[in-house]
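Letter by letter, the chains look like this.
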Amino acid sequence: MVNICSVYGRTLLFALPFFMLQNCFQSFLVVAEKPTMGLGVSLAAGLTNMMLDFLFIYVFGLGVFGAALATGISQFIGAMIPIFYFARKNKSPLKLVKTKLELKPILKTCTNGSSEMVTNLSMSLVNMLYNLQLVKYAGYDGVVAYGIIMYVGFIFVGTYLGYSVGVAPIIGYHYGAGNTDELKSLFKKSLILLSATAVILTACAEILSSALAGIFVGYNKELHDMTTNAICLFALSYIISGINIFASAFFTALNNGLVSAIISFLRTLVFQVAFIFILPLLLDLNGIWLAVVGAEICSLIVSISFFAANRKKYKYV
């Protein structure tokens, strides 16, 4: 297993620059008023990955190396399409040009984006802690179930992430332009939209939990039942997480990286780590599945507090 992971990891390391560019260009495409192109780039990269997976693994028999290579090439595609678009004359307000090194805006950008960095670093650490606890309480079947939850969960949480990333440049633009009425409208409509979406997504996850588990572990009834129960409990977090994800992105868009980082740090690291170790003592295995729910509830309190405390400063209410 270690050798397999090493091959996969080493291969993907070469594609990291393209992975980062692909993610960065999604925001630039929104600012350039080309969100549809951003979706097209994501679909092109995803379809490339799927087709090359089949070709490299099934046809050429390259195994794990083939899977990693397919992912790397798809990330290359996702990075290069926007580069070619912005490098030539285009119909958007943005174009790649020669410039001098400006450390101040780069430093400000890094500071403002610290919350996103904290989120990703924390997620990696928290995932390892989840696996350690699951091995203790449920053995390796628990690790399998958690992996499935992560795959399934990103379908639902990805909706919140997509909206938050998409709306953040618009919020930042209107804040910078001093369009208070637009800022108020965006804030209000975002909360309403996310709340309504949260109810729908949570209901879908609960109803489809057995079917979703069956896609991965339909061959094993015991593992299927454990995974179904895990999805049902974990999915309760979806009704809250949308507001918390939006809150972090919202304050990043307002150029307040500190508040955004505090929300992300508490949500993805402090609260989750605390509940990962506390709840299993009270609820056994179910406590692990509910840890994220407890973390999201605490994070919601923090998010609402920051919304209330900063409403006069930024005038979004």
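Relevant structure appears above.
Now for a look at the structure at hand.

What counts and how
- Residues numbered from 1 in each chain as written.
- Predicted model: local features only at pLDDT ≥ 70, side-chain atom pairs only at ≥ 80, totals over all residues.
- Heavy atoms only, no water.
- Helix = DSSP H or I, 4+ residues; strand = E, 2+ residues; numbered from the N terminus.
- Rg over C-alpha atoms; globule rule 2.2 N^0.38 Å.
- Contact = heavy atoms within 4.5 Å.
- Areas by Shrake-Rupley, 256 points an atom, 1.4 Å probe, with all protein chains shown as cover.
- Lys, Arg positive; Asp, Glu negative; His and termini not counted.
- Charge placed at Lys NZ, Arg CZ, Asp CG, Glu CD.
- Patch = residues over 30% accessible without salt bridge, like charges linked within 9 Å, V, L, I, M, F, W, Y side chains within 5 Å.
- Salt bridge = Lys/Arg side-chain N within 4 Å of Asp/Glu carboxyl O.
- Expected span 1.5 Å × (residues − 1).
- Buried < 20%, exposed > 50% of the residue type's maximum accessible area, 1.4 Å probe, protein only.
- Polar contact = N/O pair within 3.5 Å; in protein donor to acceptor, adjacent residues only side chain to side chain.
- Core = buried A, V, L, I, M, F, W, Y, C linked by side-chain atoms within 4.5 Å.
- Axes fitted to C-alpha atoms, helices over the stretch in contact; angles between N-to-C directions.
- Parallel < 35°, antiparallel > 145°, perpendicular 65-115°, else oblique.
- Left-handed = near helix turned anticlockwise from the far one by under 90°.
- Nonpolar A, V, L, I, M, F, W, Y, C, P; charged D, E, K, R; others polar.

## A closer look at the overall build of the protein chain
When helices and strands are counted, the protein chain shows 13 helices and zero strands. Across the protein chain, helices and strands are ordered from the amino to the carboxyl terminus as α-α-α-α-α-α-α-α-α-α-α-α-α. For the protein chain, the C-alpha radius of gyration of 21 Å lies close to 20 Å, the compact-globule estimate for 317 residues. In terms of overall dimensions, the protein chain has a C-alpha envelope of 55 × 50 × 35 Å along the principal axes. Within the protein chain, residue pairs in contact and separated by at least 24 positions form 72% of the contacts whose partners lie at least 6 positions apart. By element, 72% of the accessible surface of the protein chain is carried by carbon and sulfur atoms, the whole surface being about 17,600 Å². In the protein chain, 20 positive and 12 negative side-chain charges are present, and the distance between their average locations comes to 18 Å.

## Thoughts on a nonpolar patch on the surface
Together, Ile 4, Val 7, Tyr 8, Phe 54, Leu 55, Tyr 58, Val 59, Phe 60, Leu 62, Val 64 and Phe 65 make up a nonpolar patch on the protein surface, roughly 980 Å² of accessible area in all. At the level of elements, helix 1 (2-13), helix 3 (35-59) and helix 4 (63-87) are the ones that each hand at least two residues to the nonpolar patch. Looking at the nonpolar patch element by element, the count peaks at four residues for helix 3. In this structure, Leu 55 sits in helix 3.

## Quick notes on helix 9 (residues 221-234)
With 14 residues, helix 9 extends 20 Å between its outermost C-alpha atoms, agreeing within 8% with the 20 Å of an ideal straight helix rising 1.5 Å per residue. Within the sequence span of helix 9, burial applies to Leu 223, His 224, Met 226, Thr 227, Thr 228, Ala 230, Ile 231, Leu 233 and Phe 234. Where helix 9 is buried, its residues contact helix 6 (114-138), helix 7 (140-177), helix 8 (180-217), helix 10 (238-253) and helix 12 (285-309). The N-cap residue of helix 9 is Asn 220: its side-chain oxygen and the backbone nitrogen of Glu 222 are 3.2 Å apart.

## A closer look at the nonpolar core
Residues Tyr 130, Ile 171, Phe 250, Phe 251, Trp 289, Phe 307 and Tyr 316 are the most contacted members of the largest nonpolar core, which totals 60 residues. Residue assignment for this core shows that the elements contributing at least two residues are helix 6, helix 7, helix 8, helix 9, helix 10, helix 11 (257-283) and helix 12. In this structure, Phe 250 is in contact with Ile 171, Phe 187, Phe 307 and Tyr 316, ignoring residues within four places of it in sequence. Leu 29, Ala 32, Tyr 85 and Phe 86 belong to the second-largest nonpolar core, a separate cluster that totals six residues.

## Comments concerning unusual backbone geometry
Backbone geometry places Asn 255, a non-glycine residue, at a positive phi of 70 degrees. Locating Asn 255 in the fold gives a position in the loop between helix 10 and helix 11. In this model, Lys 315 sits at a positive phi of 60 degrees, which is unusual for a non-glycine residue. Topologically, Lys 315 is positioned in the segment after helix 13 (311-314).

## Some words on the packing of helix 6 against helix 7
In contact at an axis separation of 7 Å, helix 6 and helix 7 are set at 140 degrees when each is read in the N-to-C sense. Judged by the inter-axis angle, helix 6 sits oblique to helix 7. When the axes of helix 6 and helix 7 are compared, the crossing they make is right-handed. Residue-level inspection shows Asn 127, Tyr 130, Asn 131, Leu 134, Val 135 and Ala 138 of helix 6 in contact with helix 7, the latter providing Tyr 140, Asp 141, Gly 142, Val 143, Tyr 146 and Met 150. For the contact of helix 6 with helix 7, the per-class residue count stands at eight nonpolar, three polar and one charged.

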